[in-house]
Amino acid sequence: MTTLASVFEKARAENRAALVGYLPAGFPTKEGAIAAATAMVEAGCDVIEIGLPYSDPLMDGPTIQDAVHRSLLNGTRIADVMHTVEGVAKTGAATLVMTYWNPVYIYGAERFARDLASAGGVGTITPDLIPEEAGPWCAASAAAGIDTVFLVAPSSPDERIASVVECCTGFLYAASLMGITGARESVGSAAEGLVKRSRAHTSIPVCVGLGVGTGAQAAEVAAYADGVIVGSAFIRRLLDAPDEATGLAAVRELATELAAGVRSR
Amino acid sequence: MLTAADLAGNAGAGDDPDPFGRFGEFGGRFVPEALVPALDEVAAQYAKAKSDPEFLREFDHLLRTYAGRPTILTEVPRFAKEAGGARIILKREDLTHTGAHKINNVLGQALLTKRMGKTRVIAETGAGQHGVATATACALLGLDCVIYMGEVDCERQALNVARMKLLGAEVVPVANGSRTLKDAINEAFRDWVTNVDHTYYLFGTAAGPHPFPEIVRDFARIIGVEARRQVLELVGRLPDAVTACVGGGSNAIGIFHAFVGDKDVALYGFEAGGHGLESGEHALTLTAGTIGVLHGSRTFVLQDDEGQTIESHSISAGLDYPGVGPEHAWLKETGRATYRGVTDAEAMEAFALLARTEGIIPAIESSHALAGTIKLGRELGPEAVILVNLSGRGDKDMGTAMKYFNL
Ligand SMILES: Cc1ncc(COP(=O)(O)O)c(C=O)c1O
């Protein structure tokens, strides 16, 4: 199992940023998600976030909403998410689950953390869990030996950043802009400042996500962040493809472009 | 003049949430970190405003000279014959400007918006009453206004869509998910996290992340404060029961709250039973839901065994919501309030009955409270005094009624 710590250590040694790719479980199909994530890893993703499809994804833009909706229509369950993690972890990428809090809460925090660890997962990203509510999840994750990644945003004052990094292990997720997921024309201008402010409070790696979708943008972010997170752009390739083989090829191509981006510091 | 105690109740009475916005185990904040500073700012502004005489004066002035407060009580003896002869007294929120209790909360929050220096207001709406009230307040105070409304609701409350547009608001139909209130709230949150620097999210019910449940309750609290005084004057004693319909819970908590300390006054909330519990098509969140997190708050939720929200159903757009405010979850858990379901058919029967017996056409939402009260009256008997929150008027529902009754 590849840990987040080893991923960032390796990236640092190679003087580059790590590449983090996101894909929801069960999209485009149960096995198709594993195949797509595998292609992403083969083409240069160091970390894969497997999204746990949720009925009310209020941090997500139209692209991820669409993919998640299809996944739920495919009947994706938490067991499928764990199965996906297992498949992806075998590729050697550090594999996380990105999930809204309610499915974990209902599944049971301890049980979720344990099952994720057994599947080879190394942690979670929880976009609607803030430090005030994160206590039980941090305890369950620590007990199971998995990392907990939380978010900060350009709106976060220094006191909030300080309290968020308190519960963060693995890395800190810095949202590049105020908004929801989705590829954008440009990466938010606030991202660099946020990363700088975050570093004043923590020595754990800081990754930047939201709005990144091209090699050039990845390079721009890699100049100041430890990792570059890309989600919607991968999903867009799969949504636009006429069939799965074309989609996989497009995903591989994008990952290759992004992998070059994070290496052009 | 509205006092600080009228607005916020008795501080320290044990019914305010803790600093994290928790009522017992319910409430809290389950939101993107990006929104926390905005929620903190709203909470801080409200904390200052609620004891600021200038704010109280402004709010009081708008309630009296614009919203039409105090609203009257109407006793309905012909209707009450169906309810075992109990004395039934309606609190007439339907007579407020814009026609529902929503205006109280909206005026309060619109004043907060002004104080915070925000220029744009967004809101979700189900029945359209909160949207109309918000569009109205924005017109009055010169604020830009965008209303999110599920496509299904736009259709069944078309009159209110037209009203909002006339009032200068932009109405954005929401086409995802169940295309009702739940999805309108998701979309409003997405807008807010994108535009939070100049935008205020004027939340429409006593649910959502802290501090909304407390703020919305306090701005709706005037309903119960007035009604308690008025019933004492009219009947010479407190009512045996206070009833209201429960969607997200604002009109119910608005009338309940002033009575929470009156241990002999029973509190009944009526949820939308849709086609009935067994049909699976209902909005019986407190009656049949389980504890989970939805829209930023830990509360009762209609959800499956893995925490996916189950779509609700109700003939009434304003009650068609799979979540509920955390204070109601707490009042249920502590046993202080009782929650029951009322089906579409029962609500529509009560809707027609009030029209025929008393010449008042209620909102279909409020008709759930009326239908529940009919049953309750039969249980409590002719000596009972029941105060009902008639949360809104039925003009907006005439399309639904025409179809339902073949008018
Ligand atoms: C007249 C009326 N009553 C009740 C409701 C339900 O909301 P709440 O439970 O917040 O009072 C609505 C919502 O739109 C409404 O318009």
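Residues numbered from 1 in each chain as written. Chains lettered and ligands numbered in written order. Predicted model: local features only at pLDDT ≥ 70, side-chain atom pairs only at ≥ 80, totals over all residues. Heavy atoms only, no water.

J.: Would you mind showing me how to read the overall build of chain B here?
T.: Along the backbone of chain B there are 17 helices and 14 strands. Against the compact-globule benchmark of 22 Å for 407 residues, chain B has a radius of gyration of 19 Å, which places it among compact chains. Judged by the C-alpha coordinates and their principal axes, chain B covers about 55 × 45 × 40 Å. Within the span of chain B, comprising 407 residues, buried residues form 66% of the whole. Counting contacts in chain B only where the partners sit at least 6 residues apart, residues at least 24 apart contribute 75% of the total. Side chains of chain B carry 39 positive and 52 negative charges; the gap between the two charge centres is 5 Å. (Helix = DSSP H or I, 4+ residues; strand = E, 2+ residues; numbered from the N terminus. Rg over C-alpha atoms; globule rule 2.2 N^0.38 Å. Buried < 20%, exposed > 50% of the residue type's maximum accessible area, 1.4 Å probe, protein only. Contact = heavy atoms within 4.5 Å. Lys, Arg positive; Asp, Glu negative; His and termini not counted. Charge placed at Lys NZ, Arg CZ, Asp CG, Glu CD.)

J.: How should I be thinking about the interface of chain B and chain A in this particular structure?
T.: Interface size is often expressed as the accessible area that is lost when the parts come together. Counting residues at the interface gives 34 residues for chain B and 36 residues for chain A. The junction of chain B with chain A conceals about 3000 Å² of combined surface from both sides, 51% of it contributed by carbon and sulfur atoms. Contact with chain A buries surface across chain B, with Glu-33, Arg-190 and Glu-306 of chain B losing the most and accounting together for 25% of the total. For the pair chain B and chain A, the number of links is five salt bridges. In this structure, the salt-bridge partner of Lys-182 of chain B is Asp-56 of chain A, at a minimum N-O distance of 2.8 Å. Taken together, the connections running from chain B to chain A amount to 23 residue pairs in polar contact (both at pLDDT 80 or more). For the side of chain B that touches chain A, the secondary structure elements donating two or more residues are helix 2 (36-49), helix 9 (181-195) and strand 11 (290-294) of chain B. Counting residues per element, the side of chain B that touches chain A draws most heavily on helix 9 of chain B, at seven residues. Tallied by class, the residues present in the side of chain B that touches chain A amount to 13 nonpolar, ten polar and eleven charged. (Buried area = accessible area lost by both parts, 1.4 Å probe. Salt bridge = Lys/Arg side-chain N within 4 Å of Asp/Glu carboxyl O. Polar contact = N/O pair within 3.5 Å; in protein donor to acceptor, adjacent residues only side chain to side chain. Nonpolar A, V, L, I, M, F, W, Y, C, P; charged D, E, K, R; others polar.)

J.: Mind showing me how you'd approach the pattern of salt bridges here?
T.: Charged atoms that come close allow side chains of opposite charge to pair. Residues and elements named next belong to chain A. For the structure on display, the rule yields 45 salt bridges over all chains. The residue Asp-46 makes a salt bridge to Arg-16 at a minimum N-O spacing of 3.0 Å. In this pair, Asp-46 is assigned in the loop between helix 2 (30-42) and strand 2 (47-51) and Arg-16 in the loop between helix 1 (4-13) and strand 1 (18-24), connecting sequence segments 30 residues apart. For the pair Asp-46 and Arg-16, one class covers both residues: buried.

J.: Which parts of the structure should I look at to understand the packing of aromatic side chains?
T.: The description of an aromatic ring pair rests on the distance of the ring centres and on the angle between the ring planes. Scanning all chains against the criterion turns up 22 aromatic pairs over all chains. Considering the side-chain rings of Tyr-54 of chain A and Tyr-100 of chain A, the 5.5 Å spacing of their centres and the 35° angle between planes classify their relative orientation as tilted. Linking Tyr-54 of chain A in the loop between strand 2 and helix 3 (62-73) with Tyr-100 of chain A in the loop between strand 3 (94-98) and helix 5 (101-107), this pair joins segments that are 46 residues apart in sequence. Consider the rings of Trp-192 of chain B and Tyr-201 of chain B, whose centres lie 5.8 Å apart with planes at 75°: the pair is edge-to-face. (Phe/Tyr/Trp six-rings, centres within 6.5 Å; stacked < 30°, edge-to-face > 60°.)

J.: Is there a simple way to think about the sheet that holds strand 8 (residues 199-201) of chain B in this case?
T.: Residues and elements named next belong to chain B. The strand order across the open sheet formed by four strands is 7-6-5-8, and the pairing between neighbours is parallel. Each of the sheet's edge strands pairs with one partner strand only, and the pair in question is strand 7 (170-174) and strand 8. Each strand of the sheet is rotated relative to its neighbour by a mean of 25°, with strand direction disregarded. Strand direction decides the pairing type here: strand 5 (residues 120-125) and strand 6 (residues 144-150), joined by six bridges, are parallel. Across the sheet, residue Ala-123 finds its bridge partner in strand 6, namely Ile-147. (Pairing = 2+ DSSP bridges. Axes fitted to C-alpha atoms, helices over the stretch in contact; angles between N-to-C directions.)

J.: How should the sheet that holds strand 7 (residues 172-175) of chain A be read in this particular structure?
T.: Paired through their backbone hydrogen bonds, the strands of a sheet run either parallel or antiparallel. Residues and elements named next belong to chain A. A sheet is described by the order of its strands in space; here nine strands give the open sequence 5-4-3-2-1-9-8-7-6, paired in parallel fashion. Each edge of the sheet is formed by a strand with only one pairing partner; in this case those strands are strand 5 (147-149) and strand 6 (151-152). As paired strands, strand 7 and strand 8 (residues 206-209) are joined by four bridges and run parallel to one another. Paired with Leu-172 across the two strands is Val-206, which belongs to strand 8.

J.: Quick question: what am I supposed to make of the packing of helix 2 of chain A against helix 12 (residues 244-262) of chain A here?
T.: Residues and elements named next belong to chain A. Running from amino to carboxyl end, helix 2 crosses helix 12 at an angle of 30°, the nearest separation of the two axes being 8 Å. As summarised for this structure, helix 2 and helix 12 are arranged roughly parallel, according to the angle between their axes. Considering only the axes of helix 2 and helix 12, their crossing is right-handed. Taken together, the residues of helix 12 that come into contact with helix 2 (itself represented by Gly-32, Ala-35, Ala-36, Ala-39, Met-40 and Glu-42) are Glu-244, Leu-248, Val-251, Arg-252 and Ala-255. For the contact of helix 2 with helix 12, a count of residues per class yields seven nonpolar, one polar and three charged. (Parallel < 35°, antiparallel > 145°, perpendicular 65-115°, else oblique. Left-handed = near helix turned anticlockwise from the far one by under 90°.)

J.: What is the right way to look at the UniProt feature "active site" (unreviewed entry) in chain A in this model?
T.: As recorded in UniProt, the feature "active site" (unreviewed entry) lies at Glu-49 and Asp-60 of chain A. Not counting residues up to four positions away in its chain, the partners in contact with Glu-49 of chain A are Val-20, Gly-21, Tyr-22, Leu-23, Leu-96, Met-98, Ile-125, Tyr-173 and Ile-229 of chain A. Here Asp-60 of chain A lies in the loop between strand 2 and helix 3. For Asp-60 of chain A, a relative accessible area of 7% translates into the label buried. Residue contacts for Asp-60 of chain A: discarding those within four places in its chain leaves Gln-65, Tyr-100, Ile-180 and Thr-181 of chain A together with Arg-190 of chain B. (UniProt positions renumbered as here; feature names shortened; annotations may be inferred.)

J.: Help me understand the confidence of the model for chain B, please; the structure alone is not making it clear to me.
T.: For any part of a model where pLDDT is low, the fine detail of the predicted coordinates should not be relied upon. For chain B, the mean per-residue pLDDT works out to 96, and 99% of the residues sit at or above 70. Across the interface, the model reports ipTM at 0.96; the global pTM reads 0.97. (pLDDT = per-residue confidence, 0-100.)

J.: Please explain helix 3 (residues 53-67) of chain B as it appears in this structure.
T.: Each α-helix winds once per 3.6 residues, and so residues spaced three or four apart point in a common direction. Residues and elements named next belong to chain B. The end-to-end C-alpha distance of helix 3 is 20 Å, a good match for the 21 Å that 15 residues give at a rise of 1.5 Å each. Restricting attention to buried positions, one finds in helix 3 the residues Phe-55, Leu-56, Phe-59, Asp-60, Leu-62, Leu-63 and Ala-67. Angularly, the buried residues of helix 3 cover 160° about the axis, an arc narrow enough to put them on a single face. Structural note: helix 3 exposes Pro-53 and Thr-65 on the side pointing more than 90 degrees away from its buried face. Buried residues belonging to helix 3 abut helix 1 (4-8), helix 2, helix 5 (102-116), helix 6 (129-141), helix 10 (212-220) and helix 11 (222-235). You can read the cap of helix 3 off the contacts: a side-chain oxygen lies 2.8 Å from the backbone nitrogen of Glu-54, and it is on Asp-52. (Expected span 1.5 Å × (residues − 1). Arc of directions from axis to C-beta.)

J.: Which parts of the structure should I look at to understand helix 5 of chain B?
T.: Residue and element names in this part refer to chain B. The end-to-end C-alpha separation of helix 5 is 21 Å, in line with the 21 Å expected for 15 residues at 1.5 Å each. Counting buried positions along helix 5 gives 13 out of 15 residues, so the element sits mostly inside the fold. Following helix 5 by one or two positions, Gly-117 adopts a phi angle in the positive range, close to 75°.

J.: Please explain the site of the ligand as it appears in this structure.
T.: All names here are of chain B. Around the ligand sit 19 residues in total, of which Thr-205, Gly-247, Gly-249, Ser-250 and Ser-391 are the nearest. Measuring from an oxygen atom of the ligand, one finds a side-chain N or O atom of Ser-250 at 2.7 Å. Contact distances for the ligand include 2.7 Å between a nitrogen atom and a side-chain N or O atom of Ser-391. In isolation the ligand has 390 Å² of accessible area, and contact with the protein removes 98% of it. Each residue belonging to the shell around the ligand can be placed in one class, and the counts come to six nonpolar, eleven polar and two charged. (Near = heavy atom within 4 Å. Areas by Shrake-Rupley, 256 points an atom, 1.4 Å probe, with all protein chains shown as cover.)

J.: Quick question: what am I supposed to make of a nonpolar patch on the surface here?
T.: Residue and element names in this part refer to chain B. A contiguous nonpolar patch, built from Met-402, Tyr-404, Phe-405 and Leu-407 and spanning about 410 Å² of accessible area, is present on the exposed surface. The residue Met-402 is located in helix 17 (residues 398-405) in this model. Residue classification places Met-402 among the partly exposed residues on the basis of a relative accessible area of 47%. (Patch = residues over 30% accessible without salt bridge, like charges linked within 9 Å, V, L, I, M, F, W, Y side chains within 5 Å.)

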